[in-house]
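Structure at a glance
As a plain string of letters, each chain reads:
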Amino acid sequence: MKIIHCADVHLDSRLSANLDERRARLRREELLHTFLRMIDYAAEHEVEAVLIAGDLFDTRRVQAGVRNAVEGAVRKHPDIDFYLLRGNHEAAGFLDALEELPPNLMLFGTDWTEYVLNSGRAGNIVLTGAELTSEKAGALYGGLVLDYENFNIVMLHGQQNQYMGRNRAEVIALEELKNKGIDYLALGHVHAYHMEELDRRGKWCYSGCLEGRGFDECGEHGFVLLDIDEDSLEYRCEWVPFAGRQLHALEVDVTGCATSAEMADLVEDALARENWSPRDLVKVILTGRVDVTCEKDTDFMTRKLEDGFFFLKITDETKLSVDFDRFLLDESLKGEFVRQVRAAAELSEETKSVVIRYGLQALAGEDME
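Scope of this entry: the structure provided in the associated data block.

This paragraph deals with the sheet that holds strand 15 (residues 247-253). Across the sheet, which stays open at both edges, the three strands sit in the order 15-16-18 with parallel pairing between neighbours. The open sheet has two edge strands with one neighbour each: strand 15 and strand 18 (311-316). Each strand of the sheet is rotated relative to its neighbour by a mean of 20°, with strand direction disregarded. Pairing between strand 16 (residues 281-287) and strand 18: six bridges, direction parallel. Among the inter-strand pairings, I285 is bridged to a residue of strand 18, identified as T315. In the packing of helix 5 (residues 260-274) onto the sheet, the strands contacted are strand 15, strand 16 and strand 18, and the crossing angle to strand 15 comes to about 135°. Helix 6 (residues 298-305) contacts strand 16 and strand 18 of the sheet and is inclined by roughly 155° relative to strand 18.

Okay, here's the thing in structure tokens:
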């Protein structure tokens, strides 16, 4: 039996932190299309169950077009059962809008709910899940009773923790789930794929999100494909990269550069070495130490390089250095200003560098960053 484990799709996200409205709208559409493509993948590969371990939607209010597309895809594939566990980002908005629940869409409550995934055959692959709440989180683990003869999948949404959190919803205490007969613990909430042993019998796994949405979600994203032998109950587990675009963060050391053009050349060379797809989203972080008098315009650099990608941004994390000897004998107002700042004992060296940079820009009549 083949099963997909996915989570944290976050359909209908605003995506306004980095993107303008046009590209944000396009990315929202792409998140939906990736989810629908995954369902088509399931049909093509004879997957019988799709486990959604929370946060299918990003908010309580979902646009009608998104809601209808999800409902339509579920109804279009009656041979696939969908098991939807609500996460911390969504409430009943999607479900309340449905006039009738699709017969192949299964839900969970705040108590353990059990489904037999291969009920028409051996009946030995069982999914058990629950929505974590602060009221029941502590008592929930003690109520989990599984048949050791089955292949047991447990589905939860929350941040894993080796120890019990006190009155904290969405904290999954792995210690409380050991030695209960779990073969595969399907988790949602963490947006990167991660799998480890739970105990001698089972594993716990975050499938990660289907598409990265911000630069804290760089790299490949996708879902987990389980293939379980119903006779032996042995299984294979494969993580399937599936995102349409990737996000990347790249640090570029621009130490010694004096102009924006020099920095842009270094960034362009660094991007060429990475050979990323033009479809991707890239964040470049300028690092290193530059002289306080250097000309540095991240907007200029962005405009020069942004056509190579769907989206590119450049952030400045360089440190400033001051060659005080250059101003030692300078009798101009500029030299006097630098010497006065240098003598300010209450300022740190980094603060002095920043003050001097702004001061020199002001004295030169430049726009201050």
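Within the fold, E30 resides in helix 1 (residues 21-44). Contact partners of E30, with chain neighbours within four places excluded, come to E211, R245 and R279.

Turning our attention to the side chain of E217. Relative to the elements of secondary structure, E217 occurs in the loop between strand 12 (203-206) and strand 13 (222-228). Buried and unpaired, E217 has R213 as its nearest opposite-charge partner, separated by 4.0 Å. Reaching out from E217, the side chain makes a polar contact with the side chain of H191 at a distance of 2.5 Å.

Moving on to the nonpolar core. Within soluble globular proteins, side chains that are nonpolar generally end up buried alongside one another. Formed by 33 residues in total, the largest nonpolar core has its most connected members in I4, L11, F35, M38, V50, L56 and F223. Counting residues per element, the ones that place at least two in this core are strand 1 (2-6), helix 1, strand 2 (47-53), helix 2 (64-76), strand 3 (81-85), helix 3 (93-97) and strand 13. Looking at this core, the element that brings in the most residues is helix 1, giving seven residues. Apart from residues no more than four positions distant in its own chain, F223 is found in contact with I4, H5, C6, M38, Y41, L210, E238, W239, V240 and F242. In this structure, A49, L85, I153 and Y184 belong to the second largest nonpolar core, which totals 23 residues.

On to the pairing of strand 15, then. The sheet contact formed by strand 15 and strand 16 spans seven bridges and is parallel. The residue of strand 16 that forms the bridge with A249 is K283. Since strand 15 and strand 16 lie parallel, the crossover through helix 5 that links them has a hand, and here it is right-handed.

Scanning the entire structure with this criterion turns up 18 salt bridges. Two residues, R25 and E21, come together in a salt bridge whose shortest N-O distance is 3.9 Å. Taken together, the residues R25 and E21, both in helix 1 and four residues apart, mark about one turn of the helix. Taking the relative accessible area as the measure of exposure, E21 reaches 42% and is therefore partly exposed. With its nearest N and O atoms 3.1 Å apart, the salt bridge here joins E131 to R86. In this pair, E131 is assigned in the loop between strand 6 (125-129) and helix 4 (137-140) and R86 in the loop between strand 3 and helix 3, connecting sequence segments 45 residues apart.

As a volume, the second largest pocket reaches approximately 160 Å³. As for the second largest pocket, its lining consists of eleven residues, and the residues nearest its centre are K296, D316, L320, V354 and R357. Contributing elements (two or more residues each) for the lining of the second largest pocket: strand 19 (319-321) and helix 8 (349-363). It is helix 8 that contributes the most residues to the lining of the second largest pocket, five residues altogether. Across the lining of the second largest pocket, the residue classes tally to three nonpolar, two polar and six charged.

Further remarks concern unusual backbone geometry. One non-glycine residue with positive phi stands out, namely E46, at about 60°. Along the polypeptide, E46 turns up in the loop between helix 1 and strand 2. According to the relative accessible area criterion, E46 is exposed, its value standing at 61%.

Here we take up the environment of C6. Following the sequence through the fold, C6 ends up in strand 1. Between the C-alpha atoms of C6 and R273, which are 267 residues apart in sequence, the distance is 33 Å. Not counting chain neighbours up to four residues away, the residues in contact with C6 comprise M38, V50, L51, I52, A53, S207 and F223.

A few words on the environment of L210. Within the secondary structure, L210 is located in the loop between strand 12 and strand 13. Leave out the neighbours within four places in its chain, and L210 touches A7, D8, V9, T34, F35, M38, H221, G222, F223 and A243.

This part covers the sheet that holds strand 1. With respect to topology, six strands assemble into an open sheet ordered 4-3-2-1-13-14, the strand pairing being mixed. Each edge of the open sheet is held by one strand with a lone partner, namely strand 4 (105-107) and strand 14 (235-241). Strand after strand, the sheet turns through a mean of 20° between neighbouring axes, direction not considered.

Criteria and thresholds
- Residues numbered from 1 in each chain as written.
- Predicted model: local features only at pLDDT ≥ 70, side-chain atom pairs only at ≥ 80, totals over all residues.
- Heavy atoms only, no water.
- Pairing = 2+ DSSP bridges.
- Helix = DSSP H or I, 4+ residues; strand = E, 2+ residues; numbered from the N terminus.
- Axes fitted to C-alpha atoms, helices over the stretch in contact; angles between N-to-C directions.
- Contact = heavy atoms within 4.5 Å.
- Buried < 20%, exposed > 50% of the residue type's maximum accessible area, 1.4 Å probe, protein only.
- Lys, Arg positive; Asp, Glu negative; His and termini not counted.
- Salt bridge = Lys/Arg side-chain N within 4 Å of Asp/Glu carboxyl O.
- Polar contact = N/O pair within 3.5 Å; in protein donor to acceptor, adjacent residues only side chain to side chain.
- Core = buried A, V, L, I, M, F, W, Y, C linked by side-chain atoms within 4.5 Å.
- Right-handed = clockwise from strand over helix to strand, strands pointing away.
- 1 Å grid on protein atoms, 1.4 Å probe; cavity = no way out; pocket = protein on both sides within 12 Å on 5 of 7 lines; lining within 4 Å.
- Points joined across faces, edges and corners; volume = space filled by probe spheres on them.
- Nonpolar A, V, L, I, M, F, W, Y, C, P; charged D, E, K, R; others polar.

Any functional reading would require information that these geometric values do not contain.
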